[in-house]
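The primary structure of each chain is shown beneath.
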Amino acid sequence: MRSIAKGLGLGSAAMALTALTALAWPGTAGAAPSGTASLYAPSALVLGVTAGDDSATGTVMRAVTLVCAPTPGGTHPQPAAACAELRANAAELDAITAPGAGTACTREWNPVTVTADGVWQGRRLNYSYTFANPCGLRHTAGALFGF
């Protein structure tokens, strides 16, 4: 019984030493990556349009992704314009959802909520705005929620 326990102890120690050596040895296929430094802070958002005044309980009508760094992309139809708006107004997204000049909409209550969730320049972003009706959304001044 003593020789079996001794054999198991040596076997376990040998396996642990092999694993540590494989992780520490440069150029080893199983080694964990050391990490890469990026010149750009992450900027990726999911933009959504929801029927109703609460994005958590409303019906999602459409959603797109928007990536702004290192180059504009995602499923947004105008990623370059949307990224430019975000760069100009990231601190205050209400400026993007403001109605355009000369906009006239009916006063019906048919709420539509827009959301922006994700990371903007390395910081968490969670934005929500509710329009009184779809007309308000159609006449926003920007391209961010124009999808």
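Below is a short write-up of the structure.

Moving on, we come to the sheet that holds strand 5 (residues 123–131). Sheets are built from strands that pair by backbone hydrogen bonding, the pairs being arranged parallel or antiparallel. In space, the five strands of this open sheet follow the order 3-2-1-4-5, with antiparallel pairing throughout. Edge positions in the sheet fall to strand 3 (73–74) and strand 5, since each has one partner strand and no second. Lying over the sheet, helix 2 (residues 79–89) contacts strand 1 (44–51), strand 2 (59–67), strand 3 and strand 4 (112–120), oriented at roughly 85° with respect to strand 2.

For the rest of this paragraph, the subject is the layout of surface pockets. In this structure, the largest pocket spans a volume of roughly 220 Å³. Around the largest pocket, the lining is made up of 13 residues, and of these Pro99, Cys105, Phe131, Ala132 and Gly136 lie nearest the centre. Its residues assigned to classes, the lining of the largest pocket comprises seven nonpolar, five polar and one charged.

It is worth spelling out the state of the cysteines at this point. For the coordinates displayed, the defined rule picks out two disulfides. Each disulfide of the protein chain joins two cysteines, and with those cysteines numbered along the sequence the arrangement is 1-2, 3-4.

All right, on to helix 2 then. Every buried residue of helix 2 is listed here: Pro79, Ala82, Cys83, Glu85 and Leu86. Buried residues of helix 2, seen end-on, are gathered within an arc of 160° and therefore sit on one face of the element. The inward-facing, buried residues of helix 2 abut strand 1, strand 2, strand 3 and strand 4.

Working note: regular strand, side chains alternate between the two faces of the sheet. Counting buried positions over the nine residues of strand 4 gives seven, a clear majority of the element. Across eight bridges, the pairing between strand 1 and strand 4 is antiparallel. Along strand 4, the bridge assignment pairs Val46 with Asp117. Bridge analysis of strand 4 against strand 5 gives nine bridges, and the strand direction is antiparallel. Bridging from a neighbouring strand, Thr113 pairs with Thr130 of strand 5. The turn joining strand 4 and strand 5, which pair antiparallel and follow one another in sequence, is formed by two residues; a positive phi near 50° is taken by Gln121.

What follows covers the side chain of His76. With respect to the helices and strands, His76 occurs in the loop between strand 3 and helix 2. Classification of His76 by relative accessible area gives buried; the value is 4%. Within the structure, the side chain of His76 is placed 2.9 Å from the backbone nitrogen of Gln78, a separation counted as a polar contact. Within the structure, His76 has its side chain in polar contact with the backbone oxygen of Leu144 (distance 2.9 Å).

Quick look at the environment of Gly136 now. Examined against the element boundaries, Gly136 turns out to sit in helix 3 (residues 134–138). Here Gly136 falls in the buried class, since its relative accessible area comes to 18%. Distance from Gly136 to Thr103, taken between C-alpha atoms, is 8.3 Å for residues 33 residues apart in sequence. Apart from the residues lying within four places of it in its own chain, the contact partners of Gly136 are Cys105 and Phe131.

This part takes up the nonpolar core. Ranked by size, the top nonpolar core spans 22 residues in total, and within it Leu47, Leu66, Leu86, Leu137, Leu144 and Phe145 carry the most contacts. Secondary-structure elements contributing two or more residues to this core are strand 1, strand 2, helix 2, strand 4 and strand 5. The dominant element in this core, judged by the number of residues it contributes, is strand 4, at four residues. Once you skip the residues sitting within four places of it in the chain, Leu144 turns out to touch Leu47, Leu66, His76, Ala82, Glu85, Leu86 and Ile96.

Rules used in this analysis
Every chain is numbered on its own, with residues counted from 1 as its sequence reads. Totals for whole chains, interfaces and linings use all residues, but because this is a predicted model, local features are given only for residues with pLDDT of at least 70 and pairs of side-chain atoms are given and counted only at 80 or more. Processing note: side-chain calculations cover all non-hydrogen atoms of the structure and skip hydrogens and water entirely. Strand pairing follows a simple DSSP-based rule, namely that at least 2 bridges must link the two strands. A run of H or I in DSSP counts as a helix once it spans at least four residues, and a run of E counts as a strand once it spans at least two, with each numbered from the N terminus. Contact criterion: two residues are considered in contact whenever any of their non-hydrogen atoms come within 4.5 Å of each other. Helix axes use the C-alpha atoms of the stretch in contact, all axes being lines fitted to C-alpha atoms, and the angles between their N-to-C directions lie in the range 0 to 180 degrees. Residues are called lining when one of their atoms sits within 4 Å of a cavity or pocket point, these points coming from a 1 Å grid over the protein atoms alone, where a cavity is a set in which a 1.4 Å probe fits but cannot get out and a pocket is an open set with protein on both sides within 12 Å along at least five of seven lines. Grid points are joined across faces, edges and corners, and a volume is the space filled by probe spheres set on the points. Each residue is assigned to one class: nonpolar for Ala, Val, Leu, Ile, Met, Phe, Trp, Tyr, Cys and Pro, charged for Asp, Glu, Lys and Arg, and polar for all the others, Gly among them. Criterion for a disulfide: a pair of cysteine sulfur atoms within 2.5 Å. Throughout this description, buried means an accessible area under 20% of the type-specific maximum (1.4 Å probe, protein chains only), exposed means over 50%, and partly exposed covers the range between. For this quantity, the arc is that covered by the directions from the helix axis to the C-beta atoms. In protein, a polar contact means a hydrogen-donor-capable atom and an acceptor-capable atom, both N or O and within 3.5 Å, with residues adjacent in sequence counting only if both atoms are side-chain atoms; elsewhere, any N or O pair within 3.5 Å suffices. Within this scheme, the nonpolar core is defined by two criteria: the residues are buried Ala, Val, Leu, Ile, Met, Phe, Trp, Tyr or Cys, and they are joined through side-chain atoms within 4.5 Å.

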